[in-house]
Amino acid sequence: MSAKQLLHNYLDECPLIAIVRGVTPAEAEAIGDAVYDSGIRIIEVPLNSPDPLESIGILASRFGERMLVGAGTVLTAGQVAQVAETGGRIIVSPDTNTEVISATGAAGLVSCPGYFTPSEAFAAIRAGATALKLFPAEGATPGLLKAQLGVLPSDIPYLVVGGVKPDNMRLWLEAGATGFGLGGGLYKPGQSAVDTLEKGRAYVAGLEQ
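Below you will find a few notes about this structure. Just so you know, these numbers come straight off a predicted model, no measurement behind them. (Residues numbered from 1 in each chain as written. Predicted model: local features only at pLDDT ≥ 70, side-chain atom pairs only at ≥ 80, totals over all residues. Heavy atoms only, no water.)

Observations concerning the nonpolar core
One finds Leu16, Trp172 and Phe180 to be the most contacted residues of the largest nonpolar core, which totals 50 residues. At four residues, helix α3 (residues 52-63) tops the list of elements feeding residues into this core. With residues near it in sequence (within four places) discarded, Leu16 still touches Ile40, Ile42, Met169, Phe180, Leu182, Tyr203, Val204 and Leu207. In terms of nonpolar packing, the next biggest core, distinct from the first, is built from 14 residues, Tyr10, Ile17, Val92 and Leu159 among them. (Core = buried A, V, L, I, M, F, W, Y, C linked by side-chain atoms within 4.5 Å. Buried < 20%, exposed > 50% of the residue type's maximum accessible area, 1.4 Å probe, protein only. Helix = DSSP H or I, 4+ residues; strand = E, 2+ residues; numbered from the N terminus. Contact = heavy atoms within 4.5 Å.)

This is how it looks when you write it as structure tokens:
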């Protein structure tokens with residue numbers, strides 16, 4: 001299965017990505033269970049978390065095909081290889097680094113780099129990005145995304161990341177967003193699994209508002 005089809009399969013089930021920055025290996029299973037039970041099917045552990053590769057390995061082993069597990073804040077091609085070795089299948093970055101994108105594609109993983117301008121978006125697409133992450137969305141508007149989509153390819157998923165709340169997703173979806181990455185609004189370091197489940201369910205419900 002291609003990386004594009006793999007990502008679409010999970011986004012079709014739920015167009016949300018859980019960003020669990022700061023989770024520890026000891027917490028990974030419980031937080032992963034909470035994310036899964038909320039209905040979210042994609043989870044990323046940013047590499048600036050404590051022992052992130054261990055947490056990714058734990059999550060990948062626990063969920064297998066049930067979730068798409070991978071890493072965020074991936075900044076180098078070497079990190080792509082490390083994530084692949086742990087069983088991670090999606091690489092998310094804050095920037096448009098064509099070396100990282102190419103390495104991700106060569107490894108057969110899903111590539112989701114960050115972008116903010118059409119120039120960055122086209123550079124990422126040419127390098128082989130599977131999806132694009134509009135980041136930081138706090139500095140953008142649904143109108144900006146809609147204008148960008150007037151020139152960007154329509155067969156690429158566009159994920160909005162930054163400042164996303166359960167009650168503001170509808171405007172982004174109407175502008176053409178495919179889905180969302182959920183950071184601090186979903187999970188903060190040290191947060192309980194119960195709170196994570198509650199917040200996750202609120203975001204899933206927000207898709208229907």
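So much for the structure itself; the text now carries on.
Some words on the side chain of Glu44
Here Glu44 shows up in strand β2 (residues 42-46). Buried charge Glu44 goes without a salt bridge, the closest partner of opposite sign being Lys133 at 5.5 Å. Dropping the residues within four chain positions of it, Glu44 is found in contact with Ile17, Ala18, Ile19, Val20, Gly70, Ala71, Gly72, Thr73 and Val92. (Lys, Arg positive; Asp, Glu negative; His and termini not counted. Salt bridge = Lys/Arg side-chain N within 4 Å of Asp/Glu carboxyl O.)

What to know about the packing of helix α5 (residues 98-106) against helix α6 (residues 118-127)
At a closest axis distance of 8 Å, the pairing of α5 and α6 adopts a crossing angle of 30°. If you check the angle between α5 and α6, you find them roughly parallel. Where α5 crosses over α6, the two elements pack in a sense that is right-handed. Counting all contacts with α5, which are made through Thr98, Ile101 and Ser102, the residues of α6 involved are Ala123, Ala124 and Ala127. When its residues are assigned to classes, the contact of α5 with α6 shows four nonpolar, two polar and no charged. (Axes fitted to C-alpha atoms, helices over the stretch in contact; angles between N-to-C directions. Parallel < 35°, antiparallel > 145°, perpendicular 65-115°, else oblique. Left-handed = near helix turned anticlockwise from the far one by under 90°. Nonpolar A, V, L, I, M, F, W, Y, C, P; charged D, E, K, R; others polar.)

Concerning the environment of Glu85
Along the polypeptide, Glu85 turns up in helix α4 (residues 77-86). Since its relative accessible area comes to 70%, Glu85 is described here as exposed. Counting along the chain gives 15 residues from Glu85 to Val100, while the straight-line C-alpha distance between them is 16 Å.

Details of helix α9 (residues 193-206)
Between its first and last C-alpha, α9 extends 20 Å over 14 residues, near the 20 Å set by a 1.5 Å rise per residue. The complete set of buried residues in α9 reads Thr196, Gly200, Tyr203 and Gly206. Projection of α9 onto a plane perpendicular to its axis shows the buried side chains occupying an angular sector of 120°, all on one side. Across from the buried face of α9, at angles greater than 90 degrees, the exposed residues are Val194 and Glu198. At its buried positions, α9 is contacted by β1 (16-19), α2 (25-38), α8 (169-175) and β9 (179-182). (Expected span 1.5 Å × (residues − 1). Arc of directions from axis to C-beta.)

Considering the sheet that holds β2
Strand order in the open sheet formed by nine strands is β5-β4-β3-β2-β1-β9-β8-β7-β6, and the pairing between neighbours is parallel. Where the open sheet ends on each side, the last strands, each with one partner, are β5 (110-112) and β6 (114-115). Contacting β6, β7 (132-134) and β8 (158-161), α6 runs over the sheet at an angle of about 160° to β7. (Pairing = 2+ DSSP bridges.)

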